[in-house]
Amino acid sequence: MKKMLFIVSLVMLLKPVLPFLDYMVNYEYISKELCINKEKPELKCNGKCHLMKELAKASEDEKPISSDKKDNSKHESEVLFYQELQPVIVSQIYFHTNSLVGNNYSNHYFHLNSCSVFHPPTFIS
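Okay, so let's go over this structure. For clarity, every value in this text was computed on a predicted model and none was experimentally measured.

**Structural notes on the overall build of the chain**
Alright, step 1. When helices and strands are tallied, the chain shows 6 helices and 0 strands.
Alright, step 2. Its helices and strands in sequence order give the chain the pattern α-α-α-α-α-α, from N to C terminus.
Alright, step 3. Relative to its full complement of 125 residues, the chain shows a buried share of 9%.
Alright, step 4. Partitioning the contacts of the chain with sequence separation of at least 6, the portion at a separation of at least 24 is 34%.
Alright, step 5. For the chain, the exposed area adds up to about 13400 Å²; of that, 61% sits on carbon and sulfur atoms.

**What about the side chain of Ser31?**
Alright, step 1. Structurally, Ser31 can be placed in helix H3 (residues 27–34).
Alright, step 2. Reaching out from Ser31, the side chain makes a polar contact with the backbone oxygen of Glu28 at a distance of 3.1 Å.
Alright, step 3. What Ser31 contacts, discounting residues up to four positions off in sequence, is Lys38, Asn46 and Gly47.

**Quick word on the side chain of His50**
Alright, step 1. Tracing the backbone shows His50 in helix H4 (residues 48–62).
Alright, step 2. Excluding anything up to four places from it in sequence, His50 contacts Ile30 and Leu34.

**Re the packing of aromatic side chains**
Here the distance between the centres and the angle between the planes together describe a pair of aromatic rings.
Alright, step 1. Per the stated rule, a full pass over the model turns up 1 aromatic pair.
Alright, step 2. Aromatic pair Tyr23 and Tyr27: ring centres 5.6 Å apart, planes at 90 degrees, arrangement edge-to-face.
Alright, step 3. Among the residues examined, Tyr27 registers a relative accessible area of 31% and is labelled partly exposed.

**Here's the deal with a nonpolar patch on the surface**
Alright, step 1. Nonpolar side chains collect at one region of the surface, where Phe6, Ile7, Leu10, Val11, Leu13, Leu14, Val17, Leu18, Phe20, Leu21 and Met24 lie side by side and expose about 1000 Å² of accessible area between them.
Alright, step 2. Elements that contribute at least two residues to the nonpolar patch include exactly helix H1 (2–14) and helix H2 (18–25).
Alright, step 3. In terms of residue count, H1 provides more of the nonpolar patch than any other element does, 6 residues in total.
Alright, step 4. Within the fold, Phe6 resides in helix H1.
Alright, step 5. The exposure class assigned to Phe6 is exposed, which follows from its relative accessible area of 54%.

What counts and how
- Residues numbered from 1 in each chain as written.
- Predicted model: local features only at pLDDT ≥ 70, side-chain atom pairs only at ≥ 80, totals over all residues.
- Heavy atoms only, no water.
- Helix = DSSP H or I, 4+ residues; strand = E, 2+ residues; numbered from the N terminus.
- Buried < 20%, exposed > 50% of the residue type's maximum accessible area, 1.4 Å probe, protein only.
- Contact = heavy atoms within 4.5 Å.
- Areas by Shrake-Rupley, 256 points an atom, 1.4 Å probe, with all protein chains shown as cover.
- Polar contact = N/O pair within 3.5 Å; in protein donor to acceptor, adjacent residues only side chain to side chain.
- Phe/Tyr/Trp six-rings, centres within 6.5 Å; stacked < 30°, edge-to-face > 60°.
- Patch = residues over 30% accessible without salt bridge, like charges linked within 9 Å, V, L, I, M, F, W, Y side chains within 5 Å.
- Salt bridge = Lys/Arg side-chain N within 4 Å of Asp/Glu carboxyl O.

Rendered as structure tokens:
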């Protein structure tokens, strides 16, 4: 099982390299028989035109199925819970400063304005 998985993964990794390997192994046959430019030796093509066709065919096979399906796909979703949103009404809050506050209440406030910093007592053992 592991050997088969290894072989399949190796083939998948080497798939883009297969046209190059085929070109190198069958160089003589491709350059003499399959080359389109064999009548024009000054171009020194030597079958590279055939290699480019094979590479284009291999890259076409690797492309996704279709990019048109992405545009035409419509997604539907079910609404499981729906609650209508109420508009938010912002109102101003007015504070009345005319309220009666007794003198007794205002005399309980005390503020000591000191500059000393509190230090906790030291523990002597």
